[in-house]
Structure formats: structure tokens, C-alpha cells
Amino acid sequence: NDSDGKLYHLSAKAQASGLISKFYPFRISLDSYLEPYSMLPVVFRQALETKGKKTVKEVKYDQQNNEMQIFNKRRSILPQTYEPLSAVYMLRHANLEDKPGFDVNINSNQKNYAFSGDIKRQDIKISKGKISVFKLHWNFKLQQNFKKRNTNKRKHNNNHSTYFL
């Protein structure tokens, strides 16, 4: 927390629909509370409801000491670690025009991951002309060593891409 106790709040909600909801009905809400100067997470909450059962997880981040806490257990995290919701927010608000790529530490489900990739500007034709989008070609890799990042650039077999307007 900062000295004023003010945090930046991100929130997302989703639920199954259509055919998926028949086999795996679920609702999920995610809340991330970020330190307003660094925009790094301080608290992350996930509430998942499926088949009448609700599970709530709360993760507290101590970025200065590179630790996270969940269910009274402390674990090591890498420096400047995001959780998925704050990582997406950070990328959506980054100036992608000036970046050839990105490399972000993410903590999810009590594990540390490297989220990295290339950024390419691309024009897409639409009915009224064209729009420019940014294509992110990315990897998501589990980091076994909590003291330093694994710099092995070996990619997963699957190639992933995401577009940002």
C-alpha cells in the first residue's frame, strides 16, 4: 500500500454461455488492486463458481521482497511480477508503437511464468478503409527458478497471437 492507502482497482467478470454452459457452467470474477505509482499488483482476488460451489482465492504481493502469499503460504516471485489481469492492462496501456517486443513476469495459480513476444503493427481493411492494429505474437513459459529468469528462448509448440487496437 502507498501512504494514502489508495490503490488502482481492475475488475473482470465472465461466465460460460451456449453449449459450454451445459457441460461446464461457471462464473468467474477477477479483482486486481495495483499500487498507483508502479501499477504492480498488491492484491489479486479470484472468485470461481461452478456447479453451485464457490472458490475464492486471494493473493497478496510484496513486490519489494519478491514474495507472494496465498492461504497463509509465502512463495517467491520474480521482480516486477504481474498477475494476468494487471499484465493485460499494462500491455493495453503501453505505447506499443515504440516497442519491438515485451517480456513480463506473471504469477498465476501460484506459479511464475515468463510472458514474452514480438509486437508488429498491421493494417486491416474494413468497409470504410483500413485500421491499424498491433499483433502480439507471444509465448507463455513456466519459470522453475525463482531467483532469476530462464533466458532459454525455446518456444512452445503452439504459436499464439493477440490483436490490440
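Rules used throughout
Residues numbered from 1 in each chain as written. Predicted model: local features only at pLDDT ≥ 70, side-chain atom pairs only at ≥ 80, totals over all residues. Heavy atoms only, no water. Core = buried A, V, L, I, M, F, W, Y, C linked by side-chain atoms within 4.5 Å. Buried < 20%, exposed > 50% of the residue type's maximum accessible area, 1.4 Å probe, protein only. Helix = DSSP H or I, 4+ residues; strand = E, 2+ residues; numbered from the N terminus. Salt bridge = Lys/Arg side-chain N within 4 Å of Asp/Glu carboxyl O. pLDDT = per-residue confidence, 0-100. Contact = heavy atoms within 4.5 Å.

We now examine the nonpolar core. With 12 residues, the main nonpolar core is built from Leu40, Tyr82, Ala87, Leu91, Leu96, Phe102, Val104, Ile106, Phe115, Ile119, Phe134 and Leu136. When residues of this core are assigned to their parent elements, the largest contribution, 3 residues, is made by strand β8 (residues 101-108). Grouped together as the second largest cluster of nonpolar side chains are 10 residues, Leu10, Phe44, Val59 and Tyr61 included.

With that out of the way, let us pick up the pattern of salt bridges. For the structure on display, the rule yields 5 salt bridges. For Glu58, the salt bridge identified is with Arg45, shortest N-O distance 2.4 Å. Of this pair, Glu58 sits in strand β4 (residues 53-62) while Arg45 sits in strand β3 (residues 41-50), and the two are 13 residues apart along the sequence. Relative accessible area serves as the criterion here: at 27%, Glu58 is assigned to the partly exposed category. Residue classification places Arg45 among the partly exposed residues on the basis of a relative accessible area of 32%. Between Asp123 and Lys130 there is a salt bridge, with its nearest N and O atoms 3.6 Å apart. The exposure class of Asp123 is partly exposed, given its relative accessible area of 43%. Judged by relative accessible area, Lys130 falls into the exposed class, the value being 58%. When salt bridges that share partners are traced, they join Arg45, Glu58 and Lys60 into one network.

Summary statistics for the protein give a mean pLDDT of 84 and a share of 84% for residues scoring 70 or more. Taken as a whole, residues 152-158 scores under 50 in pLDDT and shows 6 contacts with residues more than four places along the chain or in a different chain.

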